[in-house]
Amino acid sequence: MSSTTGMITEAEVERLRGRLGELVRVSELPYLTEGNRDAIRRWAMATGDRNPLYLDEEYAVKSPHGTIIAPPCLPYAFSRLSIGYRGGLPGVHSMFGGSHWRWFKPLPVDSAVTAQTRFTDLIELEGRFAGRMFKQVSTTEFTRTGDGQPFAEVQGWGMRTERQTARKKGKYGGTRLAAYTEDDIAALAEEYRREQRTGSEVLHVDDVVTGQEIPAIVRGPYTATIAVAFEQAWGGLFVRAHGAWFDYVRDHPAISIPNAYGIPEPPEAVHWDSGLARMAGVPEAYDYGPERISWLSTLVTNWAGDHGFLEELYCEIRGFNLIGDLSRGRGVVTEVRPPGPDGTGRVRLDVWIENQRGDKTAKGWAVVRLPAR
């Protein structure tokens, strides 16, 4: 193995910069090409979203949409590149950094979808977690095949860090891991049961005020089982089995990490294998960042109801959601824009995910369109 494997070299950075602005070509099919009922149901259940707009045809037909629609973040599954193109820098660890979503219209059930990704930026940052660090940015546009019009767009970015330096720094070495009693679990079950949704009631922009807190949601405690459920809905990046995996390793030798048995594993095994997570400097296996962004979209759509529309969601992943961690999504209104000629107003909210230690592991903002009275 080369002494530069896993290190960020100037030559590789310049080679990657030369690709800025290019469309990213992929040879394999995306995990999803159509938002059918099964795909929508799997996504909703994997992210804990029990909104009947996604799950109950009889309910959805009576809604303003007239049909089942897809959850806002389901398009992640239409392109593996939607979480940020991470090509180049072979052997250098890659972590999801965040997303900036824009939605233009709902996606009706059974829509065929195509996606196109462009590599847009490479930014060097001062890394506290590791040594040298880059933010790698791309933009993916999602189009409904039937009308050829984009229904959503996401700017995604990943953090590229040097594995060896991350392990030496050990930033997360003193993190307190969670444990729960039977009473704790019973209280959580009740909190889940009481999750609030505006649903078919109409939330008017006239009734929203700055400083208003929206109903919180709970997610977790996080487990490897939850990671598997999300993989089933999203498809993952490098999850392959048997000969297909060994073929992929042969073509991309820098992608694999040997586990405790010497067997090559994909980098995303850190989401269910705590030993591999520790190799990356994290004390336990941890979640997928897009999960938390999906939770925040649920937080907002629960509040906005069937007559509202989530137009924009910006979220930065600020820390790890470890096995055992309990997350709560919270939001507060920061701006109310009066209705325009179309009879709708906009509400801007600050949104975040907070764990049981009081750490904000994801934070950002959202814009929702609401009807006026």
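Up top you'll find the structure we're talking about.
Residues numbered from 1 in each chain as written. Predicted model: local features only at pLDDT ≥ 70, side-chain atom pairs only at ≥ 80, totals over all residues. Heavy atoms only, no water.

K.L.:
What is the right way to read the pattern of salt bridges from this model?
P.N.:
Between side chains of opposite charge, a pair can form as their charged atoms come close. Tallied over the entire structure, the rule returns 28 salt bridges. Taking the shortest distance from any N to any O, the salt bridge between Glu 12 and Arg 15 comes out at 2.8 Å. With a gap of three residues between them, Glu 12 and Arg 15 both fall in helix H1 (residues 10-17), about one helical turn apart. Linking Arg 219 and Glu 195 is a salt bridge whose minimum nitrogen-to-oxygen distance equals 2.9 Å. One end of the pair, Arg 219, is in strand E6 (residues 213-219); the other, Glu 195, is in the loop between helix H6 (182-193) and E6, and 24 residues separate them in sequence. As far as burial versus exposure is concerned, Arg 219 and Glu 195 are alike and both buried. A network of salt bridges, in which partner residues are shared, links Glu 311, Asp 342, Arg 346 and Arg 369. (Salt bridge = Lys/Arg side-chain N within 4 Å of Asp/Glu carboxyl O. Helix = DSSP H or I, 4+ residues; strand = E, 2+ residues; numbered from the N terminus. Buried < 20%, exposed > 50% of the residue type's maximum accessible area, 1.4 Å probe, protein only.)

K.L.:
Mind showing me how you'd approach the pairing of strand E10 (residues 327-337) here?
P.N.:
One face of the sheet, then the other: side chains in a regular strand alternate in exactly this way. When E6 meets E10, the two strands line up antiparallel, connected through five bridges. Along E10, the bridge assignment pairs Ile 214 with Gly 331. As paired elements, E10 and strand E11 (residues 344-355) share 10 bridges and run antiparallel to each other. In the sheet register, Arg 328 faces E11, and the bridge partner there is Glu 354. Between E10 and E11, which pair antiparallel one after the other, the connecting turn spans six residues, and Gly 343 there sits at a positive phi close to 80°. (Pairing = 2+ DSSP bridges.)

K.L.:
I tried to follow the nonpolar core on my own but got confused; where do I start?
P.N.:
Nonpolar side chains in soluble globular proteins generally cluster together in the buried interior. Trp 101 and Trp 303 are the most contacted members of the largest nonpolar core, which totals 66 residues. The greatest single-element share of this core, amounting to seven residues, is contributed by helix H10 (residues 289-304). Here Trp 101 is in contact with Cys 73, Pro 75, Tyr 76, Phe 142, Ala 152, Glu 153, Val 154, Ile 293, Glu 311, Glu 312 and Leu 313, once residues within four sequence places are set aside. If you look at the next biggest cluster of nonpolar residues, it comprises 11 residues, including Leu 16, Leu 81, Val 92 and Phe 134. (Core = buried A, V, L, I, M, F, W, Y, C linked by side-chain atoms within 4.5 Å. Contact = heavy atoms within 4.5 Å.)

K.L.:
I would appreciate a short explanation of the packing of helix H2 (residues 37-46) against helix H7 (residues 224-234) in the present structure.
P.N.:
Relative orientation and spacing of two packed helices are given, respectively, by the angle between their axes and the distance between those axes. At a closest axis distance of 8 Å, the pairing of H2 and H7 adopts a crossing angle of 155°. Here H7 runs roughly antiparallel to H2, going by the angle between their axes. The chirality of how H2 crosses H7 is left-handed. Here H2 contributes Arg 42, Trp 43 and Ala 46 to the contact with H7, which in turn contributes Ala 229, Phe 230, Gln 232, Ala 233 and Trp 234. Here the residues of the contact of H2 with H7 are counted per class, giving six nonpolar, one polar and one charged. (Axes fitted to C-alpha atoms, helices over the stretch in contact; angles between N-to-C directions. Parallel < 35°, antiparallel > 145°, perpendicular 65-115°, else oblique. Left-handed = near helix turned anticlockwise from the far one by under 90°. Nonpolar A, V, L, I, M, F, W, Y, C, P; charged D, E, K, R; others polar.)

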